[in-house]
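Take a look at the letters that make up each chain.
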Amino acid sequence: MFKVAKEVHDWMDQHCVMGIQPGLERMEWVLEKLGHPERRCKWIHIAGTNGKGSTGAMITSILREGDYSVGVFLSPHILEWNERIQVDGMGISEVSFVQWSNTLLPHLEELVAQGNAPSPFEFWTLVAICYFALEACPWFVVWETGLGGRWDSTNVVHPLVSVITSIGYDHKEFLGSTLPDIAREKAGIIKRGVPLVCSVEDEDAKLVIHQVAQSESATIYQLHKQFSYEIEECTAHKQMFSFTSPYERLTNLSLDLQGIHQFQNAATALMTIDILRRRYITVVEEAHIRAGLETVRWPGRMEKVQDQPLVILDGAHNQDGIQSLVKSLTQAYPHQKIRFVLASLQDKEMDIYQPIVDIAHEIMVTEIPNFPRSRKAHELATLLTPYFTGSIQAFEKSLDAVQSAMNQANPDDVIVITGSLYLISEVRPYFVRS
């Protein structure tokens, strides 16, 4: 039996299958043993290459303004391990995490003995289901997929509404090499008769998703068709937009999250809220919507953590995410020098960093400590050199890279730390706690 959280984490390291393990049979087997606790919660299931977290954060913020209790499941964490499972902004306690891990342990040991060990993400997902369904009992749960959708371990629930935020190239070895292939995997979260909010823009990917939705008799709410947004103002200090759905039009909405891509995520969140209001009699007033958008926080996404020089953390780690980051930076800081601190995982192709190279004044590359999938700093520098004619400096320690960038920056420069959420997790405490 586990006594502390570290023992649970150690068990995962020793007995779980590391990496991504598609398939739902282990999840379904354990949940049946537990009496199907997943059937007790009101899930809002969110998939997508990018935008899942921001969209979920806005949905959560608005619902909490309406006095609803909201559980959130996300990955990876940024500061503390218990952020992955939270209710009303509070991470799961160590006592609860250990208790539910002990409840699961006999079943997981049986799977290991059968040679069918779970992945760490499956372990986390099962703990989250037990905690939400059998202890915390929030009114809603914002339920974020880890990877894909169809075989993702979160895809064992029957939600109130399904959300697909975007389709882009990522994890091609698991999801497929074309956008329609990836869309087909994400569309696996669509359930019969459950409404779908879709903000996918690629026509081929959108066609696949709509075909799946229609085959499941799921009503589709598509961005630019059933709902839309208009940008009213977008600067480094102010983001305003309007939103139109089949049910309402809201103008002069103020959004606290930075980045031009956040308008689309906000519209997706508002359409989801509209479905909850109209279909499930959820009481959310316009004042709750406005306050929720103005107060939403989402660490590590265009997050300003210091002024003079301005330091921004953004976990962009794939082609679309990096393009959105660069577009937002050029929109907000058109005349400033931008210095990047960059880390990369080994499976990332160098051409995804071309947008960064195009606007960078200087690049500091680093690596993520104690993370086997991290690309070594000197290797990353060598691979980036053909793309960049400016200065590239390599640092094994991420904080050394950050400190060097800050020492060389002028007060009006912008330092952007990006390339991996694992890097953000590593460096964010330096700014937040200092």
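It should be emphasised that the depicted structure is a prediction, and the values quoted were computed from it without experimental measurement.

1. Describing the packing of helix H3 (residues 52-65) against helix H9 (residues 262-279)
Part 1: Running from N to C, H3 and H9 cross one another at 45°; their axes reach a closest spacing of 8 Å. Taken together, the axes of H3 and H9 are oblique relative to one another. Pair H3 / H9 crosses with right-handed handedness. The residues of H9 that touch H3, namely those facing Ser54, Thr55, Met58, Ile59, Ile62 and Leu63, are Gln262, Asn265, Ala266, Thr268, Ala269, Leu270, Thr272, Ile273 and Leu276.
Part 2: Partitioned by chemical class, the residues of the contact of H3 with H9 number nine nonpolar, six polar and no charged.

2. Side note on the side chain of Ser199
Part 1: Its place among the elements puts Ser199 in the loop between strand E7 (196-198) and helix H8 (203-215).
Part 2: We classify Ser199 as buried; its relative accessible area is 1%.
Part 3: Within the local environment of Ser199, its side chain forms a polar contact with the backbone oxygen of Thr165, the two atoms lying 2.7 Å apart.
Part 4: Among residues more than four places away in sequence, those in contact with Ser199 are Ile164, Thr165, Gln222, Leu223, Gln264 and Thr268.

3. Overview of the UniProt feature "domain: Mur ligase C-terminal" (unreviewed entry) in the protein
Part 1: Mapped onto this structure's residue numbering, the UniProt feature "domain: Mur ligase C-terminal" (unreviewed entry) falls at residues 300-420.
Part 2: The distance separating the terminal C-alpha atoms of residues 300-420 is 10 Å; by composition the span is 32% helix and 21% strand.

4. Here's the deal with the environment of Gln86
Part 1: Its location among the elements puts Gln86 in strand E3 (residues 85-87).
Part 2: Between the alpha carbons of Gln86 and Thr165 there is a distance of 22 Å; along the sequence they are 79 residues apart.
Part 3: Those residues in contact with Gln86 that lie beyond four places of it in its chain are Val70, Gly71, Val72, Leu74, Gly91, Ile92 and Phe132.
Part 4: A polar side-chain atom of Gln86 sits 2.7 Å from the main-chain carbonyl oxygen of Glu83.

5. Digging into unusual backbone geometry
Part 1: Here the amide bond leading from Ser75 into Pro76 is cis, since omega sits at -10°, within 30 degrees of zero.
Part 2: With respect to the helices and strands, the residue Pro76 is situated in the loop between strand E2 (70-73) and E3.
Part 3: The step from Gln308 to Pro309 runs through a cis peptide bond, and the omega angle for that step is -5°.
Part 4: Tracing the sequence through the fold places Pro309 in the loop between strand E12 (303-306) and strand E13 (310-313).
Part 5: The phi dihedral of Cys137 is positive, around 50°, even though this residue is not glycine.
Part 6: Within the secondary structure layout, Cys137 lies in the loop between helix H5 (120-136) and strand E5 (140-144).

6. A few points about helix H11 (residues 319-332)
Because the α-helix completes a turn every 3.6 residues, residues three or four places apart line up on one side.
Part 1: Across its 14 residues, H11 extends 20 Å between first and last C-alpha, which sits within 8% of the 20 Å expected from 1.5 Å per residue.
Part 2: Of the positions making up H11, those classed as buried are Gly321, Ile322, Leu325, Val326, Ser328, Leu329 and Ala332. For H11, the angular spread of the buried residues around the axis is 160°, confining them to a single face.
Part 3: Considering only its buried residues, H11 is in contact with E13, strand E14 (338-342), helix H12 (354-359) and strand E17 (414-418).

7. Observations concerning the packing of aromatic side chains
Part 1: Summed over all chains, the structure comprises 15 aromatic pairs.
Part 2: Aromatic side chains Tyr131 and Phe132 sit 5.9 Å apart centroid to centroid with 50° between the ring planes, which places their arrangement in the tilted category. The two residues Tyr131 and Phe132 agree in class, both being buried.
Part 3: Between the aromatic rings of Phe241 and Phe263, the centroid separation amounts to 5.8 Å while the plane-to-plane angle is 65°, which identifies the pairing as edge-to-face. Of this pair, Phe241 sits in strand E10 (residues 239-244) while Phe263 sits in helix H9, and the two are 22 residues apart along the sequence.

Conventions we followed
- Residues numbered from 1 in each chain as written.
- Predicted model: local features only at pLDDT ≥ 70, side-chain atom pairs only at ≥ 80, totals over all residues.
- Heavy atoms only, no water.
- Axes fitted to C-alpha atoms, helices over the stretch in contact; angles between N-to-C directions.
- Helix = DSSP H or I, 4+ residues; strand = E, 2+ residues; numbered from the N terminus.
- Parallel < 35°, antiparallel > 145°, perpendicular 65-115°, else oblique.
- Left-handed = near helix turned anticlockwise from the far one by under 90°.
- Contact = heavy atoms within 4.5 Å.
- Nonpolar A, V, L, I, M, F, W, Y, C, P; charged D, E, K, R; others polar.
- Buried < 20%, exposed > 50% of the residue type's maximum accessible area, 1.4 Å probe, protein only.
- Polar contact = N/O pair within 3.5 Å; in protein donor to acceptor, adjacent residues only side chain to side chain.
- UniProt positions renumbered as here; feature names shortened; annotations may be inferred.
- Expected span 1.5 Å × (residues − 1).
- Arc of directions from axis to C-beta.
- Phe/Tyr/Trp six-rings, centres within 6.5 Å; stacked < 30°, edge-to-face > 60°.

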